[in-house]
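Analysis of the macromolecular model
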There are 2 protein chains.
Amino acid sequence: MSWLPIPPDSHFSLANIPFGIISSPQNPAPRPAIAIGDYVLDLRSFASGGGFSASAEIQKHASVFAQPTLNAFAALGRPFHRAARQYLQDVFSADTTRPEVLRDNTELRERALLARRDVENHLPMSIGDYTDFYAGKNHAYNVGVLFRGPANALQPNYMHLPVAYHGRASSVVVSGTPIRRPWGQILKDPKAEPKVPVVAPCEKLDLELEMGMFICKENILGSPVPVRDAEEYVFGYVLMNDWSARDVQAWEYVPLGPFTAKNFGTSISAWVVLADALEESKGPGIENTTELLPYLKEGRKDNVLGVELEVDLITGSGNKTTISRTNSRNLLWSWPQMIAHHTVTGCNMRVGDLLGSGTISGAEPGSEGSILEQTQGGKVVLSLASGEERKFIQDGDTLVIRGWFGKEGAYVGFGEVSGRVEAALPLF
Amino acid sequence: MSWLPIPPDSHFSLANIPFGIISSPQNPAPRPAIAIGDYVLDLRSFASGGGFSASAEIQKHASVFAQPTLNAFAALGRPFHRAARQYLQDVFSADTTRPEVLRDNTELRERALLARRDVENHLPMSIGDYTDFYAGKNHAYNVGVLFRGPANALQPNYMHLPVAYHGRASSVVVSGTPIRRPWGQILKDPKAEPKVPVVAPCEKLDLELEMGMFICKENILGSPVPVRDAEEYVFGYVLMNDWSARDVQAWEYVPLGPFTAKNFGTSISAWVVLADALEESKGPGIENTTELLPYLKEGRKDNVLGVELEVDLITGSGNKTTISRTNSRNLLWSWPQMIAHHTVTGCNMRVGDLLGSGTISGAEPGSEGSILEQTQGGKVVLSLASGEERKFIQDGDTLVIRGWFGKEGAYVGFGEVSGRVEAALPLF
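Predicted, not measured: the structure shown is a model, and the values here were computed from it.

Some points on the side chain of Arg31 of chain B
Residues and elements named next belong to chain B. Summarising the element assignment, Arg31 is placed in strand β2 (residues 27–36). Arg31 gets classed as buried once you look at its relative accessible area, which sits at 2%. A polar side-chain atom of Arg31 sits 2.8 Å from a polar atom in the side chain of Ser24. Within polar-contact distance, the side chain of Arg31 engages the backbone oxygen of Asn27 at 2.8 Å. With residues up to four places along the chain from it excluded, the contact list for Arg31 reads Gly20, Ile21, Ile22, Ser23, Ser24, Asp42, Arg44, Gln67 and Leu114.

As structure tokens, this is what we get:
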């Protein structure tokens with residue numbers, strides 16, 4: 001398929017071409033790149049070395065590849081992303097129509113093609129607002145049971161609109177960034193009266209397995225985005241771990257929703273998989289028999305991404321357990337529906353805005369996207385391969401989410417999003 | 001006091017010196033300025049014309065006054081803001097020690113001193129994250145009664161921590177920007193079963209009278225800000241109207257808090273009143289007899305700003321009614337306490353982050369900071385001076401919030417934040 005050797009199990013096949021921001025020991029300036037096999041193509045070097053000169057259209061905008069984020073590239077819109085991805089797929093093809101660009105250009109290969117293990121990844125986008133949806137119906141139900149009991153698990157609004165809340169953009173970090181166990185206000189005994197909280201390191205630290213989506217188009221404040229046009233606003237996707245302090249959340253979240261329980265870190269994978277690359281993965285999500293309001297009605301019922309997802313917990317001593325396997329079809333709403341709802345009031349989206357899907361859980365045991373669900377709030381234990389047990393995440397644990405679509409030799413994958421939990425520091 | 005004629009009732013006395021971003025017909029580039037009396041001093045022109053040359057320290061950083069936002073100026077920190085304000089107070093003093101800088105410099109006066117009515121204001125800061133607190137206890141109680149009844153009006157956490165939620169930064173607009181009545185999902189009859197919402201223009205559009213605060217210092221993710229250090233993070237203050245769609249809010253807000261009900265527009269006043277300028281207004285807020293956790297304990301009980309606040313409703317035909325009079329002392333928490341709580345988990349603040357106080361209501365009738373409270377959710381009517389009545393805001397109404405501290409001749413005021421409500425457009 002490619003003249004570049006790409007391992008058949010690589011997430012970064014020629015079918016993918018995900019974009020990210022890298023730096024290298026030789027050049028610490030953050031700059032755009034694509035991942036391909038075990039390599040990255042440094043797009044700044046590639047562009048400045050004439051790599052895009054075979055396409056007048058891309059060449060005209062090549063300055064976007066000299067930026068420290070992908071925002072300028074994203075803002076050029078889906079047709080441009082498509083052209084860039086197709087161009088690069090051709091450049092790396094075994095039967096490339098442009099062999100002189102890279103395959104037969106030793107100097108540019110040496111300058112722009114770097115070993116992926118040698119580069120450092122940075123946040124791919126400058127994030128304006130971060131909104132977290134709650135579209136994983138199984139998760140919403142499971143958590144609702146734990147927080148409010150089965151009778152009120154799903155609120156009356158749940159099947160009618162994509163529930164969401166505004167999240168914290170400043171604490172979104174790229175995969176590999178350590179997560180410091182947070183302090184917070186906690187009510188140790190919810191049944192005791194009077195209710196007197198303590199401030200303490202979180203004892204119920206959890207992950208949330210999510211997909212993230214970056215916005216590439218702006219609407220004007222006051223102008224909702226019709227669901228039929230919303231796909232144009234989708235730049236691409238990442239894996240996301242929306243770390244959560246469950247004990248903090250339980251005490252603080254009424255009546256205005258989670259706040260400090262979610263503001264200490266949200267990890268995303270380094271490579272943005274373009275919207276086009278996952279188009280073929282789409283299919284039906286969780287069935288919704290509710291009659292939808294017109295602004296949420298899509299012409300199709302199969303517009304939900306189908307990404308295989310796995311979560312590993314790696315203990316401090318390096319012992320790995322895959323604690324969850326699921327698929328992103330376990331969502332009630334498509335990304336266009338989420339965008340349509342987000343903007344129905346006229347809310348303006350900006351390039352670089354990040355939307356989270358909400359935690360993705362399957363309906364079967366072992367497919368839950370949070371430990372809260374797996375241990376029923378800490379009531380049962382999660383057994384690890386090492387023989388250890390967990391009720392929640394311990395210091396030194398590394399949580400890794402992997403996601404991919406497709407078959408061997410043609411995977412469209414994300415690599416992973418990982419984060420190691422470090423012990424809380426003394427408060428002051 | 002000043003060689004420049006300043007009307008004694010001006011909010012922009014020599015005691016104030018608030019900073020903002022302006023453009024003018026002659027020069028459409030947004031740039032920093034201060035407001036003084038009926039004038040503004042264009043700081044870019046002032047700096048480039050040598051206005052700061054009498055201070056080596058300010059001159060060294062004069063490039064911050066050539067930026068299109070105040071972020072770079074803010075990031076220089078409180079001692080720098082203090083030096084700049086004091087320098088400018090001296091420059092405008094009747095007994096200025098530097099008469100050659102402006103008073104006796106006709107050319108620079110003509111270039112940099114512009115009539116305030118001739119300039120346009122822009123958002124003063126590039127806003128990273130926007131967090132809205134809920135520190136107005138009277139408001140929280142009043143709204144709690146309406147949404148959940150008196151028994152559950154204030155949640156058990158309310159007196160223990162500054163309740164807050166993440167807001168939408170993209171839709172924060174500067175005073176004068178029209179607000180388009182939003183569409184949204186609404187449950188017209190909350191008692192009917194099954195609960196079937198409609199999508200319709202908001203029928204319960206409301207204002208929220210708040211103070212806003214801009215951040216000028218960053219902490220590293222994972223490092224909480226101690227309450228004793230939090231004052232260093234306060235750049236300055238604005239008035240804020242956090243427009244709210246009450247019917248949308250009532251249907252959507254459980255369990256994750258307000259989302260689309262608050263994402264269509266938040267108006268802020270144009271001029272940032274520096275933290276120092278309101279230091280003397282501080283005094284006790286609403287009493288809290290709850291034993292606070294150590295990270296929220298301040299060495300003082302009188303750290304809440306005292307800003308007089310008024311709300312006018314101006315009908316489409318121009319008839320004005322002052323519908324509320326209150327004071328920002330009606331808050332349960334100080335800004336340092338809000339910062340300390342926001343960051344207790346290690347959440348990182350960034351320069352330009354905006355924090356809202358939550359709606360400020362007094363305890364007496366006529367001092368409520370929202371129409372929801374004044375009309376008890378639309379159950380009673382609000383009588384206007386024109387003889388008209390309101391249950392909520394109508395199309396064509398302009399809502400104006402004014403705020404000030406101090407005495408005639410030395411007011412430290414905000415001017416106003418105003419917004420006119422325009423009729424909803426057809427949805428698509």
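A few points about the interface of chain A and chain B
If you look at the interface, chain A gives 64 residues, while chain B gives 64 residues. Summed over both partners, the interface of chain A with chain B comes to about 5,900 Å²; 65% of that surface belongs to carbon and sulfur atoms. Among the residues of chain A in contact with chain B, His166, Leu256 and Phe259 of chain A are the three that bury the most area, contributing 14% of the side total. At the boundary of chain A and chain B, one finds 4 salt bridges. Among the ionic pairs, Arg168 of chain A bridges to Asp129 of chain B, the shortest N-O distance being 3.5 Å. The interface formed by chain A and chain B includes 30 residue pairs in polar contact (both at pLDDT 80 or more). A breakdown of the residues in the side of chain A that touches chain B according to their chemical character gives 37 nonpolar, 19 polar and 8 charged.

So, the packing of aromatic side chains
Counted by the stated rule, this structure contains 24 aromatic pairs over all chains. Each ring, one from Phe52 of chain A and one from Phe65 of chain A, has its centre 4.9 Å from the other, and the planes form 20 degrees; the classification is stacked. Separated by 13 residues along the polypeptide, Phe52 of chain A in the loop between α1 (43–48) and α2 (56–60) and Phe65 of chain A in the loop between α2 and α3 (71–75) bring together distant segments of the chain. Here Phe52 of chain A and Phe65 of chain A have matching classes, each one buried. A ring pair is formed by Phe46 of chain B and Phe52 of chain B, whose centres lie 4.9 Å apart and whose planes are at 85 degrees; its orientation type is edge-to-face. Accessibility classification places Phe46 of chain B together with Phe52 of chain B in one group, the buried group. Joined through ring pairs, the aromatic side chains of Phe19, Phe46, Phe52, Phe65, Phe73, Phe80, Tyr87 and Phe235 of chain A make up one cluster.

Section: the pattern of salt bridges
Residues and elements named next belong to chain B. Taken as a whole, this structure holds 62 salt bridges over all chains when the rule is applied. The partner of Lys282 in a salt bridge is Glu231, and the shortest N-O contact between them spans 3.0 Å. Here Glu231 lies in the loop between β13 (209–215) and β14 (234–241) and Lys282 lies in the loop between β17 (273–274) and β18 (308–314), a separation of 51 residues in the sequence. Classification of Lys282 by relative accessible area gives buried; the value is 12%. Between Glu279 and Lys282 there is a salt bridge, with the nearest N and O atoms lying 3.4 Å from each other.

Re the domain arrangement of chain A
Residue and element names in this part refer to chain A. Along its sequence, chain A is organised into domain 1 (19–122) and domain 2 (130–422). If you look at the interface, domain 1 gives 19 residues, while domain 2 gives 15 residues. Both faces combined, the contact of domain 1 with domain 2 buries some 1,500 Å², and carbon together with sulfur accounts for 62% of it. When the buried surface of domain 1 facing domain 2 is broken down by residue, Phe19, Arg78 and Arg85 rank first, second and third, together holding 42% of it. For the pair domain 1 and domain 2, the interface holds 3 salt bridges. Connecting domain 1 to domain 2 are 5 residue pairs in polar contact (both at pLDDT 80 or more). Of all the secondary structure elements, the ones that give two or more residues to the side of domain 1 that touches domain 2 are β1 (19–24), β2 (27–36), α3, α4 (78–92) and β5 (120–122). Residues of the side of domain 1 that touches domain 2, tallied by class, amount to 10 nonpolar, 5 polar and 4 charged.

What to know about the relation of the copies chain A and chain B
In the superposition of chain A on chain B (RMSD 0.0 Å, axial shift 0.0 Å), the rotation amounts to 180 degrees. What the superposition gives is, in effect, a two-fold axis relating one chain to the other. The rotation axis passes nearest to the C-alpha of Gly257 of chain A in chain A, at a distance of 2.2 Å. Take the interface residues of chain A: 100% of them recur as interface residues in chain B, which is what a same-surface contact looks like.

Side note on the UniProt feature "active site" (unreviewed entry) in chain A
Residues and elements named next belong to chain A. In the UniProt entry, the feature "active site" (unreviewed entry) is given for His139. The residue His139 is located in helix α6 (residues 137–148) in this model. Overall, the relative accessible area of 2% leaves His139 in the buried class. Apart from residues no more than four positions distant in its own chain, His139 is found in contact with Tyr134, Glu208, Arg246, Thr359, Ser361, Ser370 and Glu373.

Overview of helix α4 (residues 78–92) of chain B
Over its 15 residues, α4 of chain B extends 21 Å from the first C-alpha to the last, a length consistent with the 21 Å expected when each residue adds 1.5 Å. When we look at burial in α4 of chain B, the residues that qualify are Arg78, Phe80, His81, Ala83, Ala84, Arg85, Tyr87, Leu88, Gln89, Asp90, Val91 and Phe92 of chain B.

So, the UniProt feature "binding site: substrate" (unreviewed entry) in chain A
Per the UniProt record, "binding site: substrate" (unreviewed entry) is found at Tyr134, Arg148, Gln249, Tyr253 and Thr359 of chain A. Residue position: Tyr134 of chain A is located in the loop between β6 (130–133) and α6. Using a relative accessible area of 11% as the deciding quantity, one classes Tyr134 of chain A as buried. By the secondary structure assignment, Tyr253 of chain A is in the loop between α7 (246–252) and β16 (266–268). Contact partners of Tyr253 of chain A, with chain neighbours within four places excluded, come to Phe147, Arg148 and Pro258 of chain A together with Pro255 of chain B.

Quick look at the pairing of β14 of chain B
Residue and element names in this part refer to chain B. Among the 8 residues that make up β14, 8 are buried, leaving the element largely enclosed by the rest of the structure. By the bridge criterion, 7 bridges tie β13 to β14 in an arrangement that is antiparallel. The partner of Phe214 across the bridge, within β14, is Gly236. Both β14 and β17 contribute to a ladder of 2 bridges, which runs antiparallel. The residue of β17 that forms the bridge with Gly236 is Leu274. Here β14 pairs with strand β16 (residues 266–268) via 2 bridges, running antiparallel. Note that in β16 the partner of Asn241 across the bridge is Ser267.

What about the environment of Gly369 of chain A?
Residue and element names in this part refer to chain A. Tracing the backbone shows Gly369 in the loop between β20 (354–356) and α9 (371–374). Residues Gly369 and Ala112 lie 257 residues apart in sequence; the distance between their C-alpha atoms is 38 Å. Those residues within four positions of Gly369 in sequence are excluded, and the remaining contacts are Leu207, Glu208, Leu209, Ser324, Thr359, Ile360 and Ser361.

Digging into the sheet that holds strand β19 (residues 320–327) of chain A
All names here are of chain A. Spatially, β9-β24-β23-β18-β19 is the arrangement adopted by the 5 strands of the open sheet, whose pairing is mixed. The open sheet has two edge strands with one neighbour each: β9 (179–180) and β19. Sheet topology places β9 next to strand β24 (residues 412–422); 2 bridges connect them, and they run parallel. Its bridge partner being in β24, Ile179 is matched across the sheet by Val421.

With respect to the pairing of strand β3 (residues 39–42) of chain B
Residues and elements named next belong to chain B. With 4 bridges connecting them, β2 and β3 associate as antiparallel partners. Considered in β3, the bridge of Ala35 is made with Val40. As consecutive antiparallel partners, β2 and β3 are separated by 2 residues, and within that stretch Gly37 has a phi angle of approximately 55 degrees, a positive value. In terms of strand pairing, β3 meets strand β4 (residues 113–115) through 3 bridges, oriented antiparallel. Paired with Tyr39 across the strands is Ala115, a residue of β4.

Basis of the calculations
- Residues numbered from 1 in each chain as written.
- Chains lettered and ligands numbered in written order.
- Predicted model: local features only at pLDDT ≥ 70, side-chain atom pairs only at ≥ 80, totals over all residues.
- Heavy atoms only, no water.
- Helix = DSSP H or I, 4+ residues; strand = E, 2+ residues; numbered from the N terminus.
- Buried < 20%, exposed > 50% of the residue type's maximum accessible area, 1.4 Å probe, protein only.
- Polar contact = N/O pair within 3.5 Å; in protein donor to acceptor, adjacent residues only side chain to side chain.
- Contact = heavy atoms within 4.5 Å.
- Buried area = accessible area lost by both parts, 1.4 Å probe.
- Salt bridge = Lys/Arg side-chain N within 4 Å of Asp/Glu carboxyl O.
- Nonpolar A, V, L, I, M, F, W, Y, C, P; charged D, E, K, R; others polar.
- Phe/Tyr/Trp six-rings, centres within 6.5 Å; stacked < 30°, edge-to-face > 60°.
- Domains from an automatic or database assignment.
- Least-squares fit on C-alpha atoms with pLDDT ≥ 70 in both.
- UniProt positions renumbered as here; feature names shortened; annotations may be inferred.
- Expected span 1.5 Å × (residues − 1).
- Pairing = 2+ DSSP bridges.

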